[in-house]
Amino acid sequence: MGLSMMALKGVFISGCAKAPQLGFANGLSGNYGLIKNLRYDLDKCCKWECCSFGVLAQKAITPVEDEKPTVREVEASAANDGVHENDPKGFHKDLNLLPKPLTAVDLSSAPSDGSKVRVAYQGAPGAYCEDAALKAYPKCEPVPCEEFEAAFKAVELWLVDKAVLSIENSVGGSIHRNYDLLLRHRLHIVGEVQMRIDHCLLGLPGARKEEIKRVMSHPQALAQCETTLTDLGVVKVGALDTAGAAQLVVTEGARDTGAIASARAADIYGLNVLAERIQDDEENITRFLILARDPIIPGLDRPYKTSIVFSLEQGPGVLFKALAVFALRGINLSKIESRPQQQRPLRVVDDSNEGTAKYFDYLFYIDFEASMAEPRAQSALGNLQEFARFLRVLGCYPMDTAL
Ligand SMILES: O=C(O)C(=O)Cc1ccccc1
């Protein structure tokens, strides 16, 4: 079953959500001020876990004084919680049955192949975001969510480990709403996935392509297949996601209604593929981001990308100056996006999570090709910080070079 915003209400917020936040060198927000601080943060997080287990252990070995239990009761209780038969008061419980505090060894032996990782995505099973989650973590457990907002919340509330977010497409460009979500939430980008998207036209078994009068899909998918849909002369109907549209075709049972979704969605919902690769551009690539509560420790072992968002004072040449901090250090920019904020000011929450209201004319989002472990990246951001009104590192993560 998927997660909806309703399902998330009233969920207990536990454990490391309360782990202390870092201080940042140069006032940089986003946990990348000092690499050694990152290690410190992870360390504190583990200590917090130990501490909560300690409290549980203390409660578990408190003996019951008022009533003497019968032999049968003692046996039953021993079977349940490890009390020895000849020690009815429970002073000599089998302490091996108590939860063990996590050690560094436990953490290092955690599977690195993504098994057990729960990844929230927006859409129904068969959505492209689910494909992206499975590309990033082939053995993960994908968790469908009704909205991206629910996927973010699921990570924040420790219901899942990560979330997947589509951020841009080679035909449609940036997905602005998702840029806004990145800023509104405190999650960190820990990975990216680039995927070729081949859209199919799906219909009920027995229905022919010529019978289709209405096509449902996610607005991005409808936009990416504009020419095909115009040629077919169909009515376009927006849906929450592509797989959700496929599901609707089945539940509505209308032969004249099709969906744009993947061949995998056709399989899942028992629909026929009426046409393949119907996107206007052969090379239809979507880029997805993987988000987590904690940042990863950036390395130098492979190509990394860093995503930042900043705003500048008004004035001639300020953007030129901002871009120069990267150009002068030979750092390549792979993406720049600007978002006007005049109509809908944003509330930006600072690292203490207390929240300060700040209003910006424009926010600039930049992805640059360098790791925060590189001195040139640190000095570029230090330099940008000198004249930026606001600067946040959204994440530093390995580049997806597999496409
Ligand atoms: O609706 C989906 O399946 C999604 O994951 C969003 C989407 C839609 C179109 C292209 C890429 C991602």
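Residues numbered from 1 in each chain as written. Predicted model: local features only at pLDDT ≥ 70, side-chain atom pairs only at ≥ 80, totals over all residues. Heavy atoms only, no water.

Asker: What's the story with the environment of Phe-152 in this structure? I'm lost.
Answerer: Counting through the fold element by element, Phe-152 comes out in helix 6 (residues 148–156). With relative accessibility at 1%, the residue Phe-152 sits in the buried group. Measuring from C-alpha to C-alpha, the distance between Phe-152 and Arg-329 comes to 34 Å, with 177 residues separating the pair along the chain. If we skip the residues at most four places from it in the chain, Phe-152 touches Leu-165, Leu-181, Leu-182, His-185, Leu-187 and Leu-291. (Helix = DSSP H or I, 4+ residues; strand = E, 2+ residues; numbered from the N terminus. Buried < 20%, exposed > 50% of the residue type's maximum accessible area, 1.4 Å probe, protein only. Contact = heavy atoms within 4.5 Å.)

Asker: Where do I start with the site of the ligand in this structure?
Answerer: Inspection of the region around the ligand gives Ala-127, Tyr-128, Cys-129, His-218, Gln-220, Ala-221, Gln-224, Asp-241, Thr-242 and Thr-286 as its neighbouring residues. A distance of 2.9 Å separates an oxygen atom of the ligand from a polar atom in the backbone of Cys-129. Between an oxygen atom of the ligand and a side-chain N or O atom of Thr-242, the distance comes to 2.5 Å. Mapped by element, the contributors of at least two residues to the shell around the ligand are helix 5 (128–136) and helix 8 (219–224). Sorting elements by how many residues they give to the shell around the ligand places helix 8 first, with three residues. Partitioned by chemical class, the residues of the shell around the ligand number four nonpolar, five polar and one charged. (Near = heavy atom within 4 Å. Polar contact = N/O pair within 3.5 Å; in protein donor to acceptor, adjacent residues only side chain to side chain. Nonpolar A, V, L, I, M, F, W, Y, C, P; charged D, E, K, R; others polar.)

Asker: How should the pattern of salt bridges be read in this particular structure?
Answerer: It is possible for side chains of opposite charge to pair when their charged atoms get near one another. Under the criterion given, the structure shown has 23 salt bridges. Taking the shortest distance from any N to any O, the salt bridge between Arg-196 and Glu-283 comes out at 3.0 Å. In this pair, Arg-196 is assigned in strand 5 (residues 188–196) and Glu-283 in the loop between strand 10 (272–275) and strand 11 (285–292), connecting sequence segments 87 residues apart. With a relative accessible area of 43%, Glu-283 lands in the partly exposed category. A salt bridge links Glu-226 to Lys-236, with the nearest nitrogen and oxygen atoms 3.1 Å apart. Of the two residues, Glu-226 sits in helix 9 (residues 226–232) while Lys-236 sits in strand 8 (residues 235–238), which places them ten residues apart along the sequence. Of the residues examined, Lys-236 reaches a relative accessible area of 40% and is grouped as partly exposed. Each member of the salt-bridge network shares a partner with another, and the members are Glu-168, Glu-192, Arg-287, Lys-305, Lys-335, Glu-337 and Asp-367. (Salt bridge = Lys/Arg side-chain N within 4 Å of Asp/Glu carboxyl O.)

Asker: For this particular structure, what's the right way to read the nonpolar core?
Answerer: Soluble globular proteins: nonpolar side chains tend toward being buried together. Ranked by size, the top nonpolar core spans 62 residues in total, and within it Val-164, Leu-165, Leu-182, Leu-202, Ala-246 and Phe-288 carry the most contacts. The greatest single-element share of this core, amounting to six residues, is contributed by helix 6. Split by domain, this core shows at least three residues from each of two domains, domain 1 (200–283) and domain 2 (297–398). Once you skip the residues sitting within four places of it in the chain, Leu-182 turns out to touch Phe-152, Leu-165, Ile-167, Ile-189, Leu-289, Leu-291, Arg-392 and Leu-394. (Core = buried A, V, L, I, M, F, W, Y, C linked by side-chain atoms within 4.5 Å. Domains from an automatic or database assignment.)

Asker: Help me understand the sheet that holds strand 12 (residues 304–312), please; the structure alone is not making it clear to me.
Answerer: Two pairing modes exist for strands in a sheet, parallel and antiparallel, and in both the strands are linked by backbone hydrogen bonds. Pairing is antiparallel across the open sheet formed by four strands, whose spatial order is 13-16-12-17. Only two strands of the sheet have a single partner each, and these edge strands are strand 13 (333–340) and strand 17 (388–398). Each strand of the sheet is rotated relative to its neighbour by a mean of 15 degrees, with strand direction disregarded. Note: strand 12 against strand 17, nine bridges, orientation antiparallel. Among the inter-strand pairings, Leu-312 is bridged to a residue of strand 17, identified as Ala-388. In this fold helix 7 (residues 176–184) packs onto strand 12, strand 13, strand 16 (362–368) and strand 17, with an angle of close to 90 degrees to the strand it touches most, strand 13. Strands in contact with helix 13 (residues 375–387) are strand 12, strand 16 and strand 17; relative to strand 17, the strand with the most contacts, it is inclined by about 160 degrees. (Pairing = 2+ DSSP bridges. Axes fitted to C-alpha atoms, helices over the stretch in contact; angles between N-to-C directions.)

Asker: Got a minute to help me understand the packing of helix 6 against helix 7 in this structure?
Answerer: Each pair of packed helices gets described by two things: the angle between the helix axes and the distance between those axes. At a minimum axis separation of 11 Å, helix 6 and helix 7 run at an interaxial angle of 25 degrees. With respect to helix 7, the element helix 6 is oriented roughly parallel. Taken as a pair, helix 6 and helix 7 cross one another with a handedness that is right-handed. Of the residues in helix 7, those touching helix 6 at Phe-148, Glu-149 and Phe-152 are Arg-177, Asn-178, Leu-181, Leu-182 and Arg-184. Of the residues in the contact of helix 6 with helix 7, the class split is four nonpolar, one polar and three charged. (Parallel < 35°, antiparallel > 145°, perpendicular 65-115°, else oblique. Left-handed = near helix turned anticlockwise from the far one by under 90°.)

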